[in-house]
Amino acid sequence: MKHTTNYINTFIEVAGDCPVSQAEIPPEKKTETLAHLQYERLIKSPYQYTSDDIVFECYAVKNDISETEKQHARIAFFSKGQPCLRSSPLAKRYGFGIHHNEDEKVAIFPVESKEYEQFSNDDAIKKVKAMRSKKI
């Protein structure tokens, strides 16, 4: 059974306990963080990747999976459930909403942007909150 992290026509709003009111770019560190990897891909190429693409590519980079191994590794990776972008640090910590369009492609929008507000107020788009960082 193949699992997926993709959504259709859905907007992931920032977590209720997100510590910022304006989006922040994830800092670059000596070893690339998941937040920075996701940010770089999504900011440079909005609506070019699905959630599955982003989740797997970041996993592949963090685990040093070669190009020749990627196809097999991706099948194995999605043979079991994986966390979706609701658990992304971009939406939990850095203040970015994540929009999945009708083709399952994703883009990020700063919480203070007009686009974020439009997605949040659009009744035609399903809204889900990013996962909280802390238990209540």
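Our subject is the structure that appears above.
This one's a predicted model, so the numbers in the text were calculated from it and none came from an experiment. (Residues numbered from 1 in each chain as written. Predicted model: local features only at pLDDT ≥ 70, side-chain atom pairs only at ≥ 80, totals over all residues. Heavy atoms only, no water.)

Asks: So what exactly am I meant to see when it comes to the overall build of the chain here?
Replies: Counting its secondary structure elements, the chain contains 5 helices and 5 strands. Taken over the C-alpha trace, the chain has a radius of gyration of 15 Å; the compact-globule value for 136 residues is 14 Å, and the two agree within 12%. Reported as C-alpha extents along the three principal axes, the dimensions of the chain are approximately 45 × 35 × 35 Å. Taking the contacts inside the chain whose residues are at least 6 apart along the sequence as the reference set, 73% of them involve residues at least 24 apart. When the accessible surface of the chain is totalled, it reaches about 8,100 Å², and 50% of it is carbon and sulfur. Between the centroid of the 20 positive side chains of the chain and the centroid of its 20 negative side chains there is a distance of 7 Å. (Helix = DSSP H or I, 4+ residues; strand = E, 2+ residues; numbered from the N terminus. Rg over C-alpha atoms; globule rule 2.2 N^0.38 Å. Contact = heavy atoms within 4.5 Å. Areas by Shrake-Rupley, 256 points an atom, 1.4 Å probe, with all protein chains shown as cover. Lys, Arg positive; Asp, Glu negative; His and termini not counted. Charge placed at Lys NZ, Arg CZ, Asp CG, Glu CD.)

Asks: Even after reading the chapter, I still don't get the environment of E24, so can you show me in this structure?
Replies: Relative to the assigned elements, E24 resides in the loop between β1 (10–13) and α1 (34–44). Here the alpha-carbon distance between E24 and K62, two residues 38 residues apart in the chain, equals 22 Å. Those residues in contact with E24 that lie beyond four places of it in its chain are R93, Y94 and F96. Engagement of the side chain of E24 in a polar contact is seen with the side chain of R93, the distance being 3.2 Å. (Polar contact = N/O pair within 3.5 Å; in protein donor to acceptor, adjacent residues only side chain to side chain.)

Asks: Explanation requested: the pattern of salt bridges in the structure shown.
Replies: Note on pairing: side chains with opposite charge can pair once their charged atoms come close. In the structure shown here, the tally under the stated rule is 6 salt bridges. E57 is paired through a salt bridge with K70; the nearest N and O atoms lie 2.9 Å apart. Of the two residues, E57 is situated in helix α2 (residues 51–62) and K70 in helix α3 (residues 67–77); the sequence distance between them amounts to 13 residues. A residue is classified by how much of its surface remains accessible, and E57, at 23% relative accessible area, is partly exposed. Through salt bridges with shared partners, one network takes in E57, E67 and K70. (Salt bridge = Lys/Arg side-chain N within 4 Å of Asp/Glu carboxyl O. Buried < 20%, exposed > 50% of the residue type's maximum accessible area, 1.4 Å probe, protein only.)

Asks: I'm lost on the packing of α1 against α2 in this one. Help?
Replies: In a packed pair of helices, the relevant descriptors are the angle between the two axes and the axis-to-axis distance. Direction vectors running N to C along α1 and α2 enclose 130°, while the axes themselves pass 10 Å from each other. Here α1 lies oblique to α2, going by the angle between them. Like other packed secondary-structure pairs, α1 and α2 cross with a definite hand, here right-handed. Within the contact between the two elements, α1 uses L34, L37, Q38, R41 and L42 and α2 uses I54, E57, C58, V61 and K62. Its residues assigned to classes, the contact of α1 with α2 shows 6 nonpolar, 1 polar and 3 charged. (Axes fitted to C-alpha atoms, helices over the stretch in contact; angles between N-to-C directions. Parallel < 35°, antiparallel > 145°, perpendicular 65-115°, else oblique. Left-handed = near helix turned anticlockwise from the far one by under 90°. Nonpolar A, V, L, I, M, F, W, Y, C, P; charged D, E, K, R; others polar.)

Don't take any of this as a statement about function, it's just geometry.
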